[in-house]
Amino acid sequence: MILLLGGLSLLVAAALVVVSMRNQQRGNAMFATLVVAGCGLGMVPAVQVLYSGTARTVVLVLGSTLPGGDWIFGIDPLSAVFLIALFGVGAAAAVYGVGYMAFDSRTPAWPCHALFALELVALALVVCAQAIMPFMGAWELMAIGSMLLILTEYRHAEARRAGLIYIVATHVGTLALFAMFALLARTSSDWSFSALATGTTSASGARIAVLSLALVGFGVKAGFVPLHFWLPPAHAAAPSHVSALFSGVLIKVGIYGLLRVVTLVGPPPAWWGWLVLGLGLSSAVLGVLWALAQHDIKRLLAYHSVENIGIILMGMGAGALGSAYGHPSLAILGYGAALLHTLNHALFKSILFLGAGAVYRLTGTRNMEELGGLARRMPLTWLAFAVGSAAIIGVPPLNGFVSEWLVFQTLFRAGFSADALRIAVLAVPGLALVGGLALACFVKVGGVVFLGTPRSSRDLTASRPGLLLDGPPLVLAAVCLVIGCLPILVLPPMLIAGGFVAGVPLLPPEAGAMAAAVGAKEISILAAALALAATGIWLIAQRLHRTVPARQSETWSGAYQLPSARMQYTASSFAAPLLEIFGRLSGVRTHRGASVFHSEPVDLILDGVVVPWWAVIERAALRLRPLQQGRLSRYLMYVISTVVALLAYLLVRAGGR
Amino acid sequence: MPAPEFMMRTATLVFVMMLAPLIPGIASRTRSILTARRGAPVWQLYSDLWKLLRRGTVYSRTTTVVFRLVPIALLASVLVAALMLPLDGRSAMLRFSGDVVAFAYVLALGRFVLV
């Protein structure tokens, strides 16, 4: 706990340094060093908690004169998972951010850096808070900090609109959270989470309300369909390292909140499990479908976050169903799968956002229709991006495979049970469809952006992205590979955390045995076999090449004399046949002509539901405007009438007793 | 795993890989018989492969290193997928809970690198 505090104070120091030494090289270097040191230091206690399995609820009580009772902070296995994701992504993104912001000379970098460090602190406080007041305080700090980060490039109208949508969406969520905590705190002695956990096994009506409000409040943050609408514009408009933090960590805080509520109210009822599973499935399918329709590479990645949140929710729903139907091992496996996918998604989505950011910085566009052939100019970026895309698709031997395979296993095991839980197995084809569509989508991104020849004459401002832009994603890619090849390293701690959520504490040896039982070792053997087979075949191919030499030439293009870049497959055309299958659901408008094919993506929820309703609310609000006209006498009258009304209420209530 | 059994299994694997080109051959021959065409002989794929192995390779200037790595990765993924099948009446060499999914995803790896 002291180490965590030390880490957080280093982060604050980093923010102070970068503010005091504005725009100096040395200041930036010190900032990056301090953030990395702080994140490293903060990660130590989280890893200790997770691997020992003992909740280190070392309580930090700030004097009891504070509002809302004691402000308690502590690390338990659930917070530890999110802390590790936060500090891992945070350190990599901060280093990258220094290089990324240096490209833009018009936007001052120091506010972004300082806010970034403070946002890391706020996020850490959210997941460590163990009482209502510090939680909500840190929650608001995080929400406002992230809005300011979206507004870093405030000169673009797009960023301003994204910031506005975000702040409205997040505060709707906060409102639901206030109501939820008010309901929870009604029956408990004080406002600490431990008191709430013992106090709320009472009325089932209140439980239903709490669980539904949690889905809305935390759902807005997590961004599953249909509450995802703020996510794509915000991710696209923010600087890329901030997008990585958003997608990797910020939206996961919604998942954290849902799991935390599960620990507070005990095993949720079956309907909640089914609801979460269904929301997860629809969000996964629709997310990947809408991703396929995008042209803006960062919007595409943002929709993939919606998809992956869906997969996480599927694991979570299966876990909740497991405990509702009385299968504790299924519950542990489901929650563990959700947590592992949370960590994995944080890793590989950060790689992808950082890679997309490097592409944007060097070419000046995020539109995939204008990009092409970048693999030659930025080979290291491409390498990291390829590893990241293989991981997000979930092919072995990478980390995405491990967690998706855990979700599959949970669903299959549910299918073998005797009760109604069996129906959960019907989610399997959905998950398989998601995998297939994700594959198509990343083939599109990787193929169009990095392979082939350049599509437009956009000059590259610099020849190479440089170490600051390429290093962090490559480090994350290495971590992805390690987790994918040696899942036994991370599975037991995730199962411990899953057991913590399910209310079935596991000891490390038990968790290790369970990880072995689901086949963690065989994954390593699989990875080794793949590597072995590939090397063997490569050696044979080398042999063959020695006898028959290879040579180079232009692509054979029928009878055309001059192959041009326009002859390549484009992103729109690649996705079109798949999108057509889904009809109106795919959310694209297409234009066809004799030699032109063009499609533009529309967000069904944002443009179809939220914006029209917003207009209705705005018109209603205009009706209220006459109330506010700046005359003091009017305002005094409002005050008096309010007091009178409240007194009348008290009188009536007292009379009623 | 004792050495003789390991040899046996490797031999089975090699045998399966050698046999694989026959399947499309049989399929296309069946189709041609059913549609009353003469069609290619069953051994067509073998002779194609033999001919291609003796030819040199031409790499396009627009392609990258991917173009060279893909065949290797594809073949490797198929080989590993074959390891996971119960081939010669005994249980498979690689066998664990949830291996159905792993099998599908190993093949997906091949698909991913292919396109």
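Each remark here, short or long, concerns the structure printed above.
Peer 1: How should the overall build of chain A be read in this particular structure?
Peer 2: Regarding its fold elements, chain A presents 23 helices and three strands. Of all 657 residues assigned to chain A, the portion counted as buried reaches 54%. Counting contacts in chain A only where the partners sit at least 6 residues apart, residues at least 24 apart contribute 78% of the total. Roughly 26,500 Å² of accessible area belongs to chain A as shown, and the carbon and sulfur atoms make up 69% of that amount.

Peer 1: Honestly, the packing of helix α1 (residues 2-20) of chain A against helix α4 (residues 110-128) of chain A in this entry has me stumped. Any pointers?
Peer 2: Geometrically, a packed helix pair is captured by the angle between its two axes and the distance between the axes. Residue and element names in this part refer to chain A. Look at α1 against α4: their axes get within 7 Å of each other, and the N-to-C directions meet at 160°. As summarised for this structure, α1 and α4 are arranged roughly antiparallel, according to the angle between their axes. Seen along the crossing, α1 lies across α4 with a hand that is left-handed. Between α1 and α4, the residues in contact are Leu4, Leu8, Leu11, Val12, Ala15, Val18 and Val19 and Trp110, His113, Ala114, Ala117, Leu118, Leu120, Val121, Ala124, Leu125 and Cys128, respectively.

Peer 1: Any chance you could explain the environment of Gly536 of chain A here in plain terms?
Peer 2: Considering the arrangement of structural elements, one finds Gly536 of chain A in helix α20 (residues 520-547). Considering only alpha carbons, one finds Gly536 of chain A and Arg186 of chain A, 350 residues apart in sequence, at a separation of 66 Å.

Peer 1: Is there a simple way to think about a nonpolar patch on the surface in this case?
Peer 2: Residue and element names in this part refer to chain A. A grouping of Val47, Tyr51, Val482, Leu486, Ile488 and Leu489 is seen on the molecular surface, where their side chains present a nonpolar patch of about 470 Å² in accessible area. Looking at where Val482 falls in the secondary structure, it is placed in helix α17 (residues 467-485). With a relative accessible area of 42%, Val482 lands in the partly exposed category.

Peer 1: Help me out: how do you make sense of the environment of Leu277 of chain A in this one?
Peer 2: Residue and element names in this part refer to chain A. Assignment of secondary structure puts Leu277 in helix α11 (residues 270-293). Residues Leu277 and Phe31, spaced 246 residues apart in sequence, show a C-alpha to C-alpha distance of 42 Å. Among residues more than four places away in sequence, those in contact with Leu277 are Met314, Gly317, Ala318, Leu321, Leu411 and Ala424.

Peer 1: Help me understand the side chain of His304 of chain A in this model?
Peer 2: When you line up the elements, His304 of chain A lands in helix α12 (residues 297-324). In this structure, His304 of chain A is in contact with Val288, Ala291, His345, Lys349, Ile392, Ala438, Cys441 and Phe442 of chain A, ignoring residues within four places of it in sequence.

Peer 1: Help me understand the environment of Leu333 of chain A, please; the structure alone is not making it clear to me.
Peer 2: Residue and element names in this part refer to chain A. Secondary-structure assignment places Leu333 in helix α13 (residues 328-363). On a C-alpha basis, the gap between Leu333 and Gln24 in space is 49 Å, while along the polypeptide they are 309 residues apart. Excluding residues that lie within four positions of it along the chain, Leu333 makes contacts with Leu406, Thr410, Arg413, Leu495, Met514 and Val518.

Peer 1: Help me out: how do you make sense of the packing of aromatic side chains in this one?
Peer 2: By convention here, two paired aromatic rings are described through the distance between centres and the angle between planes. Residue and element names in this part refer to chain A. The tally for this structure, following the rule as stated, stands at twelve aromatic pairs over all chains. With 5.4 Å between their ring centres and 75° between their planes, Phe82 and Tyr256 make a pair best called edge-to-face. One end of the pair, Phe82, is in helix α3 (residues 77-101); the other, Tyr256, is in helix α10 (residues 240-265), and 174 residues separate them in sequence. Like Phe82, the residue Tyr256 is buried in the burial classification. Considering the side-chain rings of Trp139 and Phe218, the 5.4 Å spacing of their centres and the 80° angle between planes classify their relative orientation as edge-to-face. Of this pair, Trp139 sits in helix α5 (residues 132-150) while Phe218 is found in helix α8 (residues 204-222), placing the two residues 79 residues apart along the sequence. With relative accessibility at 1%, the residue Trp139 sits in the buried group. Under the relative-accessibility criterion, Phe218 is labelled buried at 1%. A network of ring pairs unites the aromatic residues Phe135, Trp139, Phe181, Phe193 and Phe218 as a single cluster. Sitting over the face of the ring of Trp139, Lys221 holds its NZ or CZ atom 5.3 Å from the ring centroid. Directly above the ring of Tyr100 sits Arg361, whose terminal nitrogen or CZ lies 4.0 Å from the centroid.

The rules behind these values
Residues numbered from 1 in each chain as written. Chains lettered and ligands numbered in written order. Predicted model: local features only at pLDDT ≥ 70, side-chain atom pairs only at ≥ 80, totals over all residues. Heavy atoms only, no water. Helix = DSSP H or I, 4+ residues; strand = E, 2+ residues; numbered from the N terminus. Buried < 20%, exposed > 50% of the residue type's maximum accessible area, 1.4 Å probe, protein only. Contact = heavy atoms within 4.5 Å. Areas by Shrake-Rupley, 256 points an atom, 1.4 Å probe, with all protein chains shown as cover. Axes fitted to C-alpha atoms, helices over the stretch in contact; angles between N-to-C directions. Parallel < 35°, antiparallel > 145°, perpendicular 65-115°, else oblique. Left-handed = near helix turned anticlockwise from the far one by under 90°. Patch = residues over 30% accessible without salt bridge, like charges linked within 9 Å, V, L, I, M, F, W, Y side chains within 5 Å. Salt bridge = Lys/Arg side-chain N within 4 Å of Asp/Glu carboxyl O. Phe/Tyr/Trp six-rings, centres within 6.5 Å; stacked < 30°, edge-to-face > 60°. Lys NZ or Arg CZ within 6 Å of the ring centre and 35° of its normal.

Any functional reading would require information that these geometric values do not contain.
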